Amino acid sequence: MTIPLFDTASALAPLHDELRAAIARVLDSGRYILGPEVRAFEAELAAYVGAEHAVGVANGTDALTVALRAMGVGPGDEVVVPSFSFYASAEAIEPTGATPVFCDIDPATFCVTPETVRAALSPRTKAVIAVHLFGNVAPVAEIEALGVPVLEDAAQAAGSLGPDGRPGSLGAAATFSFYPSKNLGAFGDGGAITTSDARIAERARMLRFHGSRDKQTFEEFGYNSRLDELQAAILRVQLPHLDAWADGRRAAAACYAASGIGELVTLPSATAGAQPAWHLYVIRSERADELAQALGAAGIGARAYYRRPIHRQPAIAVDLELPGTREAARTNLALPISPTLDAERVGEVAAALRAALA
Ligand SMILES: *Cc1c(COP(=O)(O)O)cnc(C)c1O
């Protein structure tokens, strides 16, 4: 690929010495699990997003399960979740014993709206998972105004900014993934829960360590789900650069908009007042599959996401019509985006797209 879909390596290149030093620091310390690096990263992440607490866990999927349980979700409850998301957004509900109820999205923003959530509410709804999909910022305050607590799935939205603050500080709790290709990526798996509710934070800390606060008494069934010292040290090097990387992603998105391809395909719309740190730059076109092939042949990474939405997956299979989801699933196509994608390369993508549609 001359222009890959993802490029996190270029942004990390100037940090290699600092990253090696952080890894050496952990090696020298002999402390690998729940030590000073995790504690420091939790404090730094909480301060960055504007929440009181952060709790490091093993990955973004566990973060969702642990956060839901910490919010009191359990058997007999319903959790509203968009069907147009990565599968884990709904998969993580199953271990809580609650039932996922799928809601639609607005295909212009790829996010849930108060209207699509309202249509899925029932007296059994215990929480709504608002996914900040592709880095866009879902309208959390408007959804909480419906009277239900929101868990933000911010796996794709590290570095984004909403009208009321950063993802991670907008709902009752939020979850992050540090999978390597995410906006803030570890060198392996990692995740975190952020919240300003001390009870949720404390319960999440207990659940990530087998349901124990003191390692002696096991109050309920929990998980072995921890962020490790090595990943925390690596993330601490990167966190101070997240805003600059997000600016780079926004600059690349602005180049796409300025290239004029918006006359040929539908560009993604930021939600009201949001400055998304586009994790993925996803356009829509009736000719998406044909475009993906033509761009691939030109050495440009492009791929469709979630062509089969979650409620149509064999593991879940619910008979439900969600028109916005169907539209987004059918027509979406992610174009290359990264913190370092410059105007020249955006121009090459735009030219290849024009040629394919000519
Ligand atoms: C990546 C992702 C997850 C899961 O995170 P993992 O760290 O891979 O478990 C959950 N939700 C969304 C929207 C994601 O993009």
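Residues numbered from 1 in each chain as written. Predicted model: local features only at pLDDT ≥ 70, side-chain atom pairs only at ≥ 80, totals over all residues. Heavy atoms only, no water.

Novice: Could you give me a rundown of the environment of T331, with the residues and numbers involved?
Specialist: Relative to the assigned elements, T331 resides in helix α12 (residues 323–331). On a C-alpha basis, the gap between T331 and Q293 in space is 14 Å, while along the polypeptide they are 38 residues apart. T331 has contacts with I283, R284, S285, E286, A288 and R307, leaving out every residue within four places of it along the chain. At 2.8 Å, the side chain of T331 forms a polar contact with the backbone oxygen of E327. (Helix = DSSP H or I, 4+ residues; strand = E, 2+ residues; numbered from the N terminus. Contact = heavy atoms within 4.5 Å. Polar contact = N/O pair within 3.5 Å; in protein donor to acceptor, adjacent residues only side chain to side chain.)

Novice: Account for the domain arrangement of the protein chain, with residues named and values stated.
Specialist: Domain assignment breaks the protein chain into domain 1 (9–240) and domain 2 (242–357). For domain 1 versus domain 2, the separation of C-alpha centres amounts to 24 Å. Listed as interface residues are 41 residues of domain 1 and, on the opposing side, 41 residues of domain 2. For the pairing of domain 1 and domain 2, the buried interface totals around 3300 Å² over both sides, and the portion due to carbon and sulfur atoms is 64%. (Domains from an automatic or database assignment. Buried area = accessible area lost by both parts, 1.4 Å probe.)

Novice: Requested: an account of the sheet that holds strand β6 (residues 173–177), with residues and values cited.
Specialist: Within the open sheet, the seven strands sit side by side as β1-β7-β6-β5-β4-β2-β3. Their pairing is mixed. A strand with exactly one partner marks an edge of an open sheet, and here the two such strands are β1 (53–57) and β3 (99–103). Ignoring which end each strand starts from, the neighbouring axes of this sheet average 25° apart. Across the sheet, helix α3 (residues 36–49) lies against β1, β6 and β7 (191–195), angled at about 130° from β1, the strand it touches most. Its contacts with the sheet place helix α8 (residues 198–208) against β1, β6 and β7, and it is angled at close to 15° to β1. (Pairing = 2+ DSSP bridges. Axes fitted to C-alpha atoms, helices over the stretch in contact; angles between N-to-C directions.)

Novice: Describe in detail the site of the ligand, supporting the description with residues and values.
Specialist: Looking at the ligand, there are 13 residues lining it, with G60, T61, D153, S177 and K182 nearest. Contacts to the ligand include G60, whose backbone N or O atom sits 2.8 Å from an oxygen atom. Contacts to the ligand include K182, whose side-chain N or O atom sits 3.0 Å from an oxygen atom. For the ligand, the accessible surface in isolation is 380 Å², of which the surrounding protein chains cover 92%. Mapped onto the shell around the ligand, the elements with two or more residues apiece are α4 (60–70) and α5 (88–91). When grouped by side-chain class, the residues that make up the shell around the ligand number four nonpolar, seven polar and two charged. (Near = heavy atom within 4 Å. Areas by Shrake-Rupley, 256 points an atom, 1.4 Å probe, with all protein chains shown as cover. Nonpolar A, V, L, I, M, F, W, Y, C, P; charged D, E, K, R; others polar.)

Novice: Explain the environment of G296 to me, and be specific about the residues and the numbers.
Specialist: The residue G296 is located in helix α11 (residues 288–297) in this model. Its relative accessible area of 29% is what places G296 among the partly exposed residues. It is 30 Å that separates the C-alpha atoms of G296 and F176, two residues lying 120 residues apart in sequence. (Buried < 20%, exposed > 50% of the residue type's maximum accessible area, 1.4 Å probe, protein only.)

Novice: Explain the nonpolar core to me, using residue names and the numbers behind them.
Specialist: Counting 61 residues, the largest nonpolar core has L68, F84, V112, I129, F134, L151 and I193 as its most contacted members. A per-element tally of this core places α4 first, with six residues. Per-domain counts for this core show at least three residues from each of domain 1 (9–240) and domain 2 (242–357). Those residues in contact with I129 that sit more than four places away from it in its chain are L64, L68, V79, V80, V81, P82, S89, I93, L151 and D153. Grouped together as the second largest cluster of nonpolar side chains are 26 residues, A253, Y281, I300 and V346 included. (Core = buried A, V, L, I, M, F, W, Y, C linked by side-chain atoms within 4.5 Å.)

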